[in-house]
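# Coordinate inspection notes
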Amino acid sequence: MAGKPPTGDPVQDAPDVAAPQHAAAGLPAIAHTLRVAQQQMGVRRTALTLLKVNQKDGFDCPGCAWPEPDKRHAAEFCENGAKAVAEEATLRRVTSDFFAAHPVADLATRSGYWLGQQGRLTHPMYLAEGAASYEPVTWERAFDLIAEELHALTSPDEALFYTSGRTSNEAAFLYQLFAREFGTNNLPDCSNMCHESSGSALTETIGVGKGSVLLEDLYQADLIIVAGQNPGTNHPRMLSALEKAKAGGTKIITVNPLPEAGMERFKNPQNARGLAGVGTPLTDLFLQIRLGGDQALFRTLGRLVLETEGAVDTDFIREHTHGFEEYERTARAADWDETLRATGLRREEIEEALRMILASRRTVVCWAMGLTQHKHAVPTIKEVVNLLLLRGDIGRPGAGVCPVRGHSNVQGDRTMGIFERPSAAFLDALEKEFDFTPPREHGLDVVRAIRALRDGDAKVFFAMGGNFVAASPDTEVTEAAMRRARLTVHVSTKLNRSHVITGARALILPTLGRTERDRQSGGDQFVTVEDSMGMVHASRGRLEPASPHLLSEPAIVCRLARRVLGTESTTPWEEFEKDYATIRDRVSRVVPGFEDFNARVARPGGFTLPHAPRDERRFPTATGKANFTAAPVEYPKAPEGRLLLQTLRSHDQYNTTIYGLDDRYRGIKNGRRVVLVNPDDARTLGLADGAYADLVSEWTDGTERRAPGFRVVHYPTTPGCAAAYYPETNVLVPLDHTADTSNTPASKSLVIRLEQADPA
């Protein structure tokens, strides 16, 4: 029956395991989508809601940030997008009676899956100091409590204002404005944990911290390299774009430690070949790389290009780049033996990749967390840029860099100013427009925010969406840090782990979802988002709100700002809440590229933000040109008897949201505590398929971090490498094990040992 949540927390420690699949989507994806949607929404609501996902007059999927084509299918969503919509548009409700029946101590014993399955939050809830349970509270009282704690701080920098990528452009702009008027740049966000490494590398090398390609470029490319990314689970609609590119003759190289069904073969559920036929093979060359070996691979490919007569675009390098000579000296010294050790590849495989690169006149490189979450992530991405610069493949149609962002609007939030290290130009524009002096000292990112809470230097934590506790590294450290706060506040649509790991006092503030109609005193409102390729468009919910007690994110920020800042603020917060067009008017005068914002976003499909390297072959770096770089090659190493572990998602989850307990493509059913290990490695370690082991990470601080009770699954991983799902394995990621420059947690290269455990 739709609307009925599970009554008990399912056992997750005895998964069933079958052989992994070799094709993604098809009829099973349709069946699973409809089953989940109807369980959450019912038949009629499912039809009404899914047909509005990613449509020009509909709402933006609350899942991933993959862009929509101009001509859209009636079902412009994927399996995981439908799950995200179903969870938001569910008929299940978490009322005050639920909290009365479930004290926080009880909720803290529940899995993240169970918590999320209970449904939509309906009323502001307050956990008083020393109380056992959340109790309902009025919005006015909630804002009073927050103001009380913020006004009691010694410094505004004792407050942290976190943001999830789901937040709209309008809400994000207001949120950063409020934080800066309050007096702090402490605006950590989920970008700090995912593509911060991409932004750092691209800003230095090409001058813009975003990708340089549009969807049409993928269709025009001769070669697409997909590195450290699993589109079939994490960005499923990307498979449709790759299929279209293949139909036009594009070749695809996949670089990944795990074979993934989506990149092997795609059965597009929107055409007959996908439903009843064999589907489309996508990958032409699979490079099953060792974890963290990507920098060495791209460095050696650069060396081989340099050694090939006529392969280097000398005109482009002369006119548009800086630092080529130093890069050339370093690249020509790349050592084959070191490359083979770092990558785990055979020389013939790398030489085959070279032949495909040389045959391509237009190459796109796509990547995700498999590149960004290593200690040497930033130089790795710079090495990707080096290879493209050698061939002149930035700033021409069908070529460029394509970091594939995760959460919908995570890129837009950064564009709107959600950044702990804002540029002077942005602060100048903010000061001019709003007539206040914003703080100039850099704030705290996610890792530094956790340290500040741990050390007592931060006392109030406010989260605009997300599930901070489950998303962050070093789970025990993060949870202890959160408990030291005076007040924790979470603006949320659904229950999650962060609501039960609280400060001395805690608030849950329920908000509208993307699917819901947003009525303000100025009439029905819409919000905007920016996709992974810099396209900005409107999002309009159609459903009635899950509760009359919900406020929109912009309304929450506006009311909070009025209560906290009082008459000292001359910002028209009340006007902003009434009519979001007034917010967009201000954005148009502060954020470059958003000029005439309201008129341009009113056009069906929205508009494209400018990108100097793509549009003009102009590189706004410190040198005024695209920069070659020449960092030493690094790669993670594991001692004898140890493995390198990457954390990853199952197919039944999105970020920390767990939709179910199956990972269909990898053959895992009814369980999440599994570790995927190469059969030869497992036998060497004395671990049979089906044995149980504790995962113990080893780090320089000597602290033992243990994730107990994982079923060993013999799986075709790269030798020496293993994989397991997060957030269950976030406990293994040391807080200080981060990428150089970007400070992103290095969750893809953990040194672990496996200790055999009793299955009981």
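Below is a summary of the structure that appears in this document. (Residues numbered from 1 in each chain as written. Predicted model: local features only at pLDDT ≥ 70, side-chain atom pairs only at ≥ 80, totals over all residues. Heavy atoms only, no water.)

Glancing now at the side chain of Thr167. By the element assignment, Thr167 lies in the loop between β7 (159–163) and α8 (169–182). Here Thr167 falls in the buried class, since its relative accessible area comes to 0%. A polar contact of 3.5 Å, which involves the side chain of Thr167, links it to the backbone oxygen of Met464. In this structure, Thr167 is in contact with Ala172, Asn409, Asp413, Met464 and Glu553, ignoring residues within four places of it in sequence. (Helix = DSSP H or I, 4+ residues; strand = E, 2+ residues; numbered from the N terminus. Buried < 20%, exposed > 50% of the residue type's maximum accessible area, 1.4 Å probe, protein only. Polar contact = N/O pair within 3.5 Å; in protein donor to acceptor, adjacent residues only side chain to side chain. Contact = heavy atoms within 4.5 Å.)

Attention now moves to the sheet that holds strand β32 (residues 721–725). In space, the six strands of this closed barrel follow the order β25-β32-β29-β31-β30-β33, with mixed pairing throughout. Taking each pair of neighbouring strands and ignoring which way they run, the sheet shows an average axis angle of 45°. Pairing geometry for strand β30 (residues 692–697) and strand β33 (residues 750–757), over six bridges, is antiparallel. Among the inter-strand pairings, Leu695 is bridged to a residue of β33, identified as Leu754. (Pairing = 2+ DSSP bridges. Axes fitted to C-alpha atoms, helices over the stretch in contact; angles between N-to-C directions.)

A few words on empty space enclosed by the protein. Tallied over the entire structure, the rule returns six cavities of 30 Å³ or more. Considering only enclosed or pocket space, the largest cavity measures out at about 210 Å³ in volume. What lines the largest cavity is a set of 17 residues, and nearest its centre among them are Leu512, Gly513, Arg514, Asp518 and Val527. Considered as a void within the structure, the second largest cavity measures approximately 60 Å³ in volume. For the second largest cavity, the full set of lining residues is Cys61, Gly63, Cys64, Cys78, Asn80, Gly81, Asn234, Pro236, Arg237 and Tyr654. The residue inventory of the lining of the second largest cavity, partitioned by class, reads five nonpolar, four polar and one charged. (1 Å grid on protein atoms, 1.4 Å probe; cavity = no way out; pocket = protein on both sides within 12 Å on 5 of 7 lines; lining within 4 Å. Points joined across faces, edges and corners; volume = space filled by probe spheres on them. Nonpolar A, V, L, I, M, F, W, Y, C, P; charged D, E, K, R; others polar.)

Our focus in this paragraph is helix α26 (residues 475–483). For an α-helix, 3.6 residues make a turn, and residues three or four places apart therefore share a direction. All of the buried residues along α26 are Thr475, Thr478, Glu479, Ala481 and Met482. Axial view of α26: buried residues confined to an arc of 160°, hence all on one face. On the buried face of α26, the contacting elements are α24 (446–454), β16 (460–464), α25 (468–471) and β17 (487–492). (Arc of directions from axis to C-beta.)

Now for the environment of Trp573. Considering the arrangement of structural elements, one finds Trp573 in helix α28 (residues 573–578). Separated by twelve residues in sequence, Trp573 and Ala561 place their C-alpha atoms 7.2 Å apart. Setting aside residues no more than four positions away along its own chain, Trp573 makes contact with Leu174, Leu177, Phe178, Glu181, Val557, Cys558, Ala561, Arg562 and Leu565.

As a further point, take the packing of aromatic side chains. One pass over the full model with this rule turns up 22 aromatic pairs. With a centroid separation of 5.2 Å and 20° between ring planes, the pair formed by Tyr327 and Phe628 is classed as stacked. Taken together, the positions of Tyr327 in helix α17 (residues 324–332) and Phe628 in the loop between β24 (626–627) and β25 (643–648) put the pair 301 residues apart, joining distant regions of the chain. Assigned by exposure class, Tyr327 and Phe628 land together as buried. One aromatic cluster in this structure is built from Phe161, Tyr175, Phe178, Phe182 and Phe462. Looking at Arg584, its charged tip hangs above the ring of Phe526, at a distance of 4.0 Å from the centre. Between the NZ or CZ atom of Arg600 and the centre of the ring of Phe607, over which it lies, the distance is 4.0 Å. (Phe/Tyr/Trp six-rings, centres within 6.5 Å; stacked < 30°, edge-to-face > 60°. Lys NZ or Arg CZ within 6 Å of the ring centre and 35° of its normal.)

Attention shifts here to the pattern of salt bridges. Scanning all chains against the criterion turns up 70 salt bridges. A salt bridge links Asp474 to Arg705; its shortest N-O distance comes to 3.0 Å. With Asp474 in the loop between α25 and α26 and Arg705 in strand β31 (residues 705–714), this residue pair connects regions lying 231 residues apart in the sequence. Neither residue differs from the other here; Asp474 and Arg705 are each classed as buried. Taken together, the shared-partner salt bridges in this structure form one network comprising Arg642, Asp694, Glu698, Glu704, Arg706, Arg753 and Glu755. (Salt bridge = Lys/Arg side-chain N within 4 Å of Asp/Glu carboxyl O.)

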